[in-house]
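Understanding the architecture of this molecule
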Amino acid sequence: MSQITDPRDRLIVALDLADVEAARALVDRIGDAATFYKIGYRLGYNGGLAFARELTGRGLKVFLDLKLHDIGNTVEEGVRAVAGLGASFLTVHAYPQTMRAAVRGRSGDLKILAVTVLTSYDEADAREAGYALPVAEMVAKRSGQAREIGIDGIVCSAAEAVAVRGIVGPDRLIVTPGIRPAGSDLGDQKRVLTPGEARRAGIDHVVVGRPITGAADPRAVARAIVGEMEAA
Ligand SMILES: O=C(O)c1cc(=O)[nH]c(=O)n1[C@@H]1O[C@H](COP(=O)(O)O)[C@@H](O)[C@H]1O
């Protein structure tokens, strides 16, 4: 578990927006209610990588969610290229070859997070994709492999966080999307917990997108999520 002193750092706001103008406007509206932003490939392929530098230049933290997965050489060199952007976190899919390559390419302060089983997958989705193991076992297996390989953190559902903590120990990060404040729309997420439940399960960071990006008052929702985790 990381030493997080500012409770706002536990919330990572997913900037899943069409362009940099919309992302900048949202960051400005949220103001000091959030300190950590995720840039995925929707924004990343549309100016988001330069925007990552803008955010770090403003003293904000950035998670680049590029979910790399390719042959080892391509992943290694890709991670090396990303390492210069000043981001705190980068995602790769939790396949052993991919994770080993990412660790070879890692440098500086960039932490590599391994995405175990996407939070939009339930058992039926996993079977359809050809996974023989139940989701929880797949998450556990990949978390163990990530630990052996030296990955910095795990992306999973908060529903698996207690089990994952037992596997990866206290020093690696557990980062959980699939988070919904009570009563909010699940969208395509299937393995879902509230911010408070996630915190009690021992996560380091939650990732929240649409409940904030689609809110009438995104700043208020961000503050409420941070407050709910602090109180948990
Ligand atoms: O790697 C991720 O960030 C990720 C992994 C995962 O298993 N599930 C998941 O939802 N995510 C990302 O987390 C964010 C969740 O967004 P919302 O469902 O809108 O809160 C999206 O940007 C997803 O791409």
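Here is what the cut-offs are and how they apply
Residues numbered from 1 in each chain as written. Predicted model: local features only at pLDDT ≥ 70, side-chain atom pairs only at ≥ 80, totals over all residues. Heavy atoms only, no water. Phe/Tyr/Trp six-rings, centres within 6.5 Å; stacked < 30°, edge-to-face > 60°. Helix = DSSP H or I, 4+ residues; strand = E, 2+ residues; numbered from the N terminus. Buried < 20%, exposed > 50% of the residue type's maximum accessible area, 1.4 Å probe, protein only. Lys NZ or Arg CZ within 6 Å of the ring centre and 35° of its normal. Near = heavy atom within 4 Å. Polar contact = N/O pair within 3.5 Å; in protein donor to acceptor, adjacent residues only side chain to side chain. Areas by Shrake-Rupley, 256 points an atom, 1.4 Å probe, with all protein chains shown as cover. Pairing = 2+ DSSP bridges. Right-handed = clockwise from strand over helix to strand, strands pointing away. UniProt positions renumbered as here; feature names shortened; annotations may be inferred. 1 Å grid on protein atoms, 1.4 Å probe; cavity = no way out; pocket = protein on both sides within 12 Å on 5 of 7 lines; lining within 4 Å. Contact = heavy atoms within 4.5 Å. pLDDT = per-residue confidence, 0-100. Salt bridge = Lys/Arg side-chain N within 4 Å of Asp/Glu carboxyl O.

1. Remarks on the packing of aromatic side chains
Summed over the entire model, instances satisfying the criterion amount to three aromatic pairs. Their ring planes at 40° and their centres at 5.1 Å tell us that phenylalanine 36 and phenylalanine 89 sit as a pair that is tilted. With phenylalanine 36 in strand E2 (residues 36-39) and phenylalanine 89 in strand E4 (residues 89-93), this pair connects stretches of sequence that are 53 residues apart. Pair check on accessibility: phenylalanine 36 and phenylalanine 89 agree, each one buried. Considering the side-chain rings of phenylalanine 63 and phenylalanine 89, the 5.8 Å spacing of their centres and the 70° angle between planes classify their relative orientation as edge-to-face. Of this pair, phenylalanine 63 sits in strand E3 (residues 61-68) while phenylalanine 89 sits in strand E4, and the two are 26 residues apart along the sequence. By the burial criterion, phenylalanine 63 is buried, and phenylalanine 89 matches it. By the ring-pair criterion, three or more aromatic residues cluster together here, those being Phe36, Phe63 and Phe89. A cation sits over an aromatic face here: lysine 38 above phenylalanine 63, 5.8 Å from the ring centre. Positioned over the ring face of tyrosine 95 is arginine 142, at 4.7 Å from the centre of the ring.

2. Describing the site of the ligand
By nearness alone, 17 residues border the ligand, and Asp16, Lys38, Thr119, Gln189 and Arg210 come closest of all. Interatomic distance of 2.8 Å between a side-chain N/O atom of glutamine 189 and an oxygen atom of the ligand. In this structure, glycine 209 approaches the ligand through a main-chain N or O atom, which is 2.8 Å from an oxygen atom. Computed on the free molecule, the ligand has an accessible area of 500 Å², of which 90% lies beneath the protein chains in the complex.

3. Observations regarding the pairing of strand E7 (residues 173-176)
Because side chains alternate across E7, one face comprises the buried residues Leu173 and Val175, and the other comprises Ile174 and Thr176, equally buried. Relative to E7, strand E6 (residues 153-155) runs parallel, the two sharing three bridges. Bridge pairing links isoleucine 154 to isoleucine 174 in E7. Between E6 and its parallel partner E7, the chain crosses via helix H7 (residues 161-168), and the hand of that crossover is right-handed. Note on the crossover from E7 through helix H8 (residues 195-200) to strand E8 (residues 205-208): the handedness is right-handed.

4. Thoughts on the UniProt feature "active site" (unreviewed entry) in the chain
When the UniProt feature table is mapped onto this chain numbering, "active site" (unreviewed entry) sits at Asp65, Lys67 and Asp70. Taken from the residues named earlier, the lining of the largest pocket is made up of Asp65 and Lys67. Relative to the assigned elements, aspartate 65 resides in strand E3. By relative accessible area, aspartate 65 is classed as buried at 7%. Setting aside residues up to four positions removed in sequence, aspartate 65 forms contacts with Lys38, Ile39, Gly40, Tyr41 and Thr91. A polar contact of 2.5 Å, which involves the side chain of aspartate 65, links it to the side chain of lysine 38. Here aspartate 70 lies in the loop between E3 and helix H3 (72-82). Residue contacts for aspartate 70: discarding those within four places in its chain leaves Val75 and Thr98.

5. A closer look at the confidence of the model for the chain
Of all residues in the chain, 99% have pLDDT values of 70 or greater, and the mean over the chain is 97. Across the whole predicted complex the pTM is 0.98, and at the interface the ipTM reaches 0.99.

6. Side note on the pattern of salt bridges
Going through the model one piece at a time under the given rule, you end up with 17 salt bridges. One salt bridge in this structure joins glutamate 77 and arginine 80, with 3.2 Å as the shortest N-O distance. Here glutamate 77 pairs with arginine 80, and both are found in helix H3, just three residues apart, close to one helical turn. As a salt-bridge pair, lysine 190 and aspartate 125 come within 2.7 Å of each other at their nearest N and O atoms. Placement of the pair is lysine 190 in the loop between E7 and H8 and aspartate 125 in helix H5 (residues 123-128), with a sequence separation of 65 residues. Bridged by salt links that share partners, the residues Arg24, Asp28, Glu54 and Arg58 form one connected network.

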